[in-house]
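Secondary and tertiary structure notes
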Amino acid sequence: MLAGTGSDVGKSVIATALCRIFRQDGYSPAPFKAQNMALNSYATPDGLEIGRAQAVQAEAAGIPCNTDMNPLLLKPSSDHTSQVVLNGKPVGNMGAYDYFRHDDGREVLRKEVHAAFDRLSSRYNPIVMEGAGSISELNLRDTDLVNMPIARYAGARVILVADIDRGGVFASAYGSVALQTPEDKKLIKGIIVNKFRGDLRLFEEGRRILEDICKVPVLGVVPYFKDIHIEEEDSMELAGKQHSAVSGRVNVAVILLRHISNFTDFGMLERDPRVNLYYTNNIEEIGKADIIILPGTKSTIDDLYEIRRNGVAEAVLRAHKDGTTVLGICGGYQMMGMSVDDPMGIEGSVRRIPGLGLLPVDTVMEGTKVTRQVTFRFRDSDGCTGYEIHMGRTEAAKDAECSALNTFTDGTADGCFADERTMGTYIHGILDNPQVIERLLAPFETAKSGSTALSYNDFKQQQYDLLADHVRKHINIPLLYNILTEDD
C-alpha cells in the first residue's frame with residue numbers, strides 16, 4: 001500500500017509507476033483503492049464507473065479496469081454532499097456526516113470493500129493498493145475504509161509517501177508513523193520522499209535522519225518532474241494551466257467550471273503542438289479563443305447558473321457570434337441547449353433553467369446514470385472510441401431538427417451538430433481520436449502548418465514507461481521486493 005502523509009503527496013503517481021514496474025518485471029499487478037473521492041471517473045468495459053486514477057493504473061499494468069479496483073467512489077456534488085457509487089453503480093447522495101457515522105450501513109460498505117479486494121487478489125499479484133489523504137486522521141480512524149484498516153485486512157506492506165515540496169517532511173513523516181497504533185505501526189515498512197527539487201546529494205543527511213526517527217528505511221527520494229505526462233485525478237492540477245491566449249497557435253479555452261469533471265478529455269489536444277489550450281473563466285481570455293469548450297460537470301444546473309451570474313455565458317455567446325467555435329462535452333453539451341429540466345430534483349432544488357440556446361436541444365435529468373464505453377462514427381470518420389458517464393437525456397427541441405454529431409455502431413445517434421462552429425456530445429474521450437481533432441482544427445490557418453497523427457494510446461504507453469524509468473532510478477526496487485516477500 002502507498003499511504004500518504006497528506007493529500008496530493010503523489011500516491012497515485014507512485015502507484016501508477018509501480019504497476020508499470022511490476023508488469024515490466026514479469027508480474028501480474030493490479031491497482032486497488034477501497035474508496036476514492038474524485039470528479040474524474042471512467043467507464044469500465046462492462047459499463048460501470050470507477051475513479052479515473054485506478055483506470056490509469058490498470059492501463060499502466062496492462063489490464064482492463066474493473067470496479068473491484070475501486071469499489072467505492074464518492075463524487076462531490078456540493079461542499080458537503082457526494083454521490084456514492086458502489087461497485088460501479090450510484091446508490092444515492094450522502095452528506096459527509098452521514099457517510100462517516102457509526103452504523104450498520106458503514107459495515108455493509110466495509111464488507112463490500114473487503115469482497116472486492118478478495119476477488120481482485122485472487123486474480124492478480126501483487127496488488128498495488130493506494131490510501132487516501134493522510135493515514136493519521138485520528139477522528140476518522142474507527143470509520144476509515146481506505147487506509148490502515150484495509151491494510152490490516154489485506155496484510156499489506158505499507159510504504160509511506162511524504163511530499164518534501166510542501167515542506168515539513170520530517171514532522172509529517174514522523175507524526176504519521178508515531179500516531180499509529182502499535183499494530184498498525186508494524187505494517188509501515190518504508191518511506192518514499194516525493195517531489196524533491198534540487199541536488200539529491202543535499203538530502204543524504206535527511207535520509208539518515210528520517211530513518212533514525214521513523215525506524216524504517218527510506219526506499220528512495222523521487223525528484224519532481226514536469227516532462228512526464230500522466231492523466232491527473234485532482235482538479236488542483238488545473239491551477240498551473242490557467243494561462244492566456246498566444247499568437248501563432250490555435251487558442252482553445254476550456255471553461256473553468258466550479259464542478260468540472262473529466263478534464264482528462266483534453267490531454268491529447270493539450271499536447272498538440274498547433275494548440276494552446278488553457279482553462280479560464282476570465283471574460284477577456286474567453287474572447288481571445290479560437291475554440292471554446294464547455295467541459296463535463298458534476299452539477300450542470302449549478303454551473304450553468306454560475307456562468308450566467310458571473311458573465312462567462314454572455315462572453316461565450318458573444319465570442320460565438322463573432323465566429324468562435326463552441327464545443328460542449330457531456331454537461332457542457334447540456335448547457336448549450338435550450339433548457340435543462342430536473343423534475344425529480346436530482347441535482348437540487350432548481351427544477352428548470354434556460355440553456356445557452358446554441359443548440360436546438362432540451363435536456364431532462366433522469367435518475368438512471370449512463371456509463372458505458374462506446375465505438376462510433378464521427379461525422380464521416382469510422383472507428384472512433386470513447387465513453388459515456390452522465391445523468392440526463394437530451395433530445396431535439398419541439399419543432400426543431402438536430403443533426404447527429406456521432407453515430408454508434410448500433411445505428412443510434414449521439415450529440416448535435418448545428419454547423420462546423422457549433423456542436424455538442426455526451427462522449428468523453430472524443431478528443432482522443434485524431435480524426436476528431438483534425439476536423440476541429442481544420443478551419444484555422446495555424447493548424448495547416450502541421451498535422452498530428454499521434455495515437456493518444458501510444459503516447460500514454462510511452463509516458464508510463466518514462467515514469468517507470470524515473471521511479472526505478474530513484475527507488476531501491478530490490479529492497480522493495482525484499483519487503484514484499486519477507487515473512488511477517
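Notes on the structure in this doc start here.

**Regarding the nonpolar core**
If you look at the biggest cluster of nonpolar residues, it comprises 75 residues, and the most contacted ones within it are L2, F32 and V193. Among the elements that line this core, the one with the most residues is helix 1 (residues 11–24), at 7 residues. In this structure V193 touches A162, I164, V169, F203, L210, V218, G220, V221 and V222, once residues within four positions along its chain are discounted. Among the nonpolar cores identified, the runner-up in size contains 64 residues, and L257, I260, A313 and F417 belong to it.

**Looking at empty space enclosed by the protein**
Under the counting rule described, the total for this entry stands at 2 cavities of 30 Å³ or more. By volume, the largest cavity amounts to about 110 Å³. The wall of the largest cavity is formed by 16 residues, among which E231, E232, G267, R271 and Y456 lie closest to the centre. Every element with two or more residues in the lining of the largest cavity is listed here: helix 9 (267–270) and helix 15 (456–474). With 4 residues, the single largest contributor to the lining of the largest cavity is helix 15.

**Some thoughts on the pattern of salt bridges**
Overall, the coordinates contain 31 salt bridges when judged by the stated rule. With a shortest N-O distance of 3.3 Å, K460 and E59 are connected by a salt bridge. On the criterion of sequence distance, the pair formed by K460 in helix 15 and E59 in helix 2 (residues 52–61) is long-range, its members being 401 residues apart. For K460, a relative accessible area of 11% puts it in the buried group. Assessed through its relative accessible area of 22%, E59 is described here as partly exposed. What emerges from the salt-bridge pattern is a single network uniting E49, K75 and K369.

**Focus: the packing of aromatic side chains**
Between two aromatic rings, the relevant description is the distance of the centres plus the angle of the planes. Applying the stated criterion across every chain, the model contains 10 aromatic pairs. Ring plane angle 65 degrees and centroid distance 6.3 Å describe the contact between F266 and Y279, whose orientation is recorded as edge-to-face. Of this pair, F266 sits in the loop between strand 14 (260–261) and helix 9 while Y279 sits in strand 15 (residues 275–280); the two residues are 13 residues apart in sequence, bridging distant segments of the chain. According to the relative accessible area criterion, F266 is buried, its value standing at 0%. Aromatic pair Y333 and Y426: ring centres 5.2 Å apart, planes at 80 degrees, arrangement edge-to-face. With Y333 in helix 13 (residues 331–336) and Y426 in the loop between strand 26 (422–425) and helix 14 (434–441), this pair connects stretches of sequence that are 93 residues apart. For the pair Y333 and Y426, one class covers both residues: buried.

**Focus on the state of the cysteines**
Summed over the entire model, instances satisfying the criterion amount to 1 disulfide. The disulfide that involves C402 links it to C416, with 2.2 Å between the sulfurs. Residue C402 is located in the loop between strand 22 (381–396) and strand 23 (406–408), and its partner C416 is located in strand 25 (residues 416–419); the two are separated by 14 residues in the primary sequence. Between C19, a free cysteine, and C65, which holds the nearest cysteine sulfur, the sulfur-to-sulfur gap is 12 Å. When its relative accessible area of 0% is taken as the criterion, C19 is described as buried.

**Topic: unusual backbone geometry**
Cis geometry is adopted by the peptide bond preceding P126, which originates at N125 and carries an omega value of 0 degrees. Looking at the secondary structure, you find P126 in the loop between helix 4 (104–121) and strand 9 (127–129). The backbone phi angle of K215 is positive, close to 65 degrees, even though this residue is not glycine. Residue placement: K215 occurs in the loop between helix 8 (204–214) and strand 12 (218–223). We classify K215 as exposed; its relative accessible area is 65%. Of note in this structure, C330 is not a glycine but carries a positive phi near 60 degrees. Its place among the elements puts C330 in the loop between strand 18 (325–329) and helix 13.

**Re the side chain of E388**
As for its position among the elements, E388 is in strand 22. Classification of E388 as buried rests on a relative accessible area of 4%. Of note is the side chain of E388, whose polar atom sits 2.7 Å from the side chain of R372. Within the structure, E388 has its side chain in polar contact with the side chain of H390 (distance 2.9 Å). With near-sequence residues (within four places) excluded, E388 lies in contact with A43, V370, T371, R372, V374, F408 and Y426.

**Structural notes on the side chain of T325**
By the element assignment, T325 lies in strand 18. Since its relative accessible area comes to 3%, T325 is described here as buried. The contact partners of T325, leaving out residues within four places of it in the chain, are D290, I291, I292, E420, R421, L440 and F444.

**Side note on the sheet that holds strand 1 (residues 2–4)**
In space, the 4 strands of this open sheet follow the order 1-10-11-12, with parallel pairing throughout. Pairing within the sheet leaves two strands with one partner each, and these edge strands are strand 1 and strand 12. Taking each pair of neighbouring strands and ignoring which way they run, the sheet shows an average axis angle of 30 degrees. Pairing of strand 10 (residues 158–163) with strand 11 (residues 188–196) involves 6 bridges; the strand directions are parallel. Following the sheet pairing, A162 is matched in strand 11 by V193. Seen against the sheet, helix 8 touches strand 11 and strand 12 and runs at an angle of roughly 140 degrees to strand 12.

Cut-off values and rules
Residues numbered from 1 in each chain as written. Predicted model: local features only at pLDDT ≥ 70, side-chain atom pairs only at ≥ 80, totals over all residues. Heavy atoms only, no water. Core = buried A, V, L, I, M, F, W, Y, C linked by side-chain atoms within 4.5 Å. Buried < 20%, exposed > 50% of the residue type's maximum accessible area, 1.4 Å probe, protein only. Helix = DSSP H or I, 4+ residues; strand = E, 2+ residues; numbered from the N terminus. Contact = heavy atoms within 4.5 Å. 1 Å grid on protein atoms, 1.4 Å probe; cavity = no way out; pocket = protein on both sides within 12 Å on 5 of 7 lines; lining within 4 Å. Points joined across faces, edges and corners; volume = space filled by probe spheres on them. Salt bridge = Lys/Arg side-chain N within 4 Å of Asp/Glu carboxyl O. Phe/Tyr/Trp six-rings, centres within 6.5 Å; stacked < 30°, edge-to-face > 60°. Disulfide = S-S within 2.5 Å. Polar contact = N/O pair within 3.5 Å; in protein donor to acceptor, adjacent residues only side chain to side chain. Pairing = 2+ DSSP bridges. Axes fitted to C-alpha atoms, helices over the stretch in contact; angles between N-to-C directions.

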